Amino acid sequence: MTIEFNRKKKQTADGISIAAFLRTETIHLSNLILELNGEILRPDADLESMQLKDGDCLNAFSLVGGG
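In short, a report on the structure. What you see is a predicted model; the values in this text were computed from it and never measured.

Cut-offs used in this document
Residues numbered from 1 in each chain as written. Predicted model: local features only at pLDDT ≥ 70, side-chain atom pairs only at ≥ 80, totals over all residues. Heavy atoms only, no water. Pairing = 2+ DSSP bridges. Helix = DSSP H or I, 4+ residues; strand = E, 2+ residues; numbered from the N terminus. Contact = heavy atoms within 4.5 Å. Core = buried A, V, L, I, M, F, W, Y, C linked by side-chain atoms within 4.5 Å. Buried < 20%, exposed > 50% of the residue type's maximum accessible area, 1.4 Å probe, protein only. Salt bridge = Lys/Arg side-chain N within 4 Å of Asp/Glu carboxyl O. Phe/Tyr/Trp six-rings, centres within 6.5 Å; stacked < 30°, edge-to-face > 60°.

### With respect to the sheet that holds strand S3 (residues 32–36)
What the five strands build is an open sheet, ordered S2-S1-S5-S3-S4; its pairing is mixed. Taken across any chain shown, the strands that pair with only one partner, and hence form the sheet edges, are strand S2 (8–11) and strand S4 (39–40). Pairing analysis gives two bridges linking strand S1 (residues 2–5) to strand S5 (residues 57–62), with the strands arranged parallel. Among the inter-strand pairings, Phe-5 is bridged to a residue of S5, identified as Leu-58.

Given below as structure tokens:
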């Protein structure tokens, strides 16, 4: 199936969880904000059970501290 991840088309396995997809992209979940189809996911969302669907749009943003 095809999803959009950080504005790039990606091919991935059907029914893959968000957590598994992020592992395939070597993305670590610490200090990360995720947006799925325009909605920010809660920090306590169960990413292991949330499955991606064909055409989904997933964005990952890192939190950066500074002053």
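### Observations concerning the side chain of Glu-35
Along the chain, Glu-35 turns up in strand S3. Excluding its chain neighbours within four sequence positions, the residues that come into contact with Glu-35 are Ile-40, Cys-57, Leu-58, Asn-59 and Phe-61.

### Points about the nonpolar core
Taken as a class, soluble globular proteins show a tendency for nonpolar side chains to be buried jointly. Formed by 16 residues in total, the largest nonpolar core has its most connected members in Ile-18, Phe-21, Leu-22, Leu-34, Leu-52 and Leu-58. Secondary-structure elements contributing two or more residues to this core are S1, helix H1 (18–24), S3 and S5. Examining the composition of this core, we find that four residues originate from one element, H1, more than from any other.

### Overview of the pattern of salt bridges
Applying the stated criterion across every chain, the model contains four salt bridges. Here Lys-9 and Glu-4 are joined by a salt bridge, their closest N and O atoms 3.9 Å apart. Glu-25 is the salt-bridge partner of Lys-10, the closest N and O atoms lying 3.2 Å from each other. With Lys-10 in strand S2 and Glu-25 in the loop between H1 and S3, this pair connects stretches of sequence that are 15 residues apart.

### Looking at the packing of aromatic side chains
Going through the model one piece at a time under the given rule, you end up with one aromatic pair. Ring geometry for Phe-5 against Phe-21: centres 5.1 Å apart, planes inclined by 80°, an arrangement best described as edge-to-face. Note that Phe-5 is positioned in strand S1 and Phe-21 in helix H1, a separation of 16 residues in sequence.

Any functional reading would require information that these geometric values do not contain.
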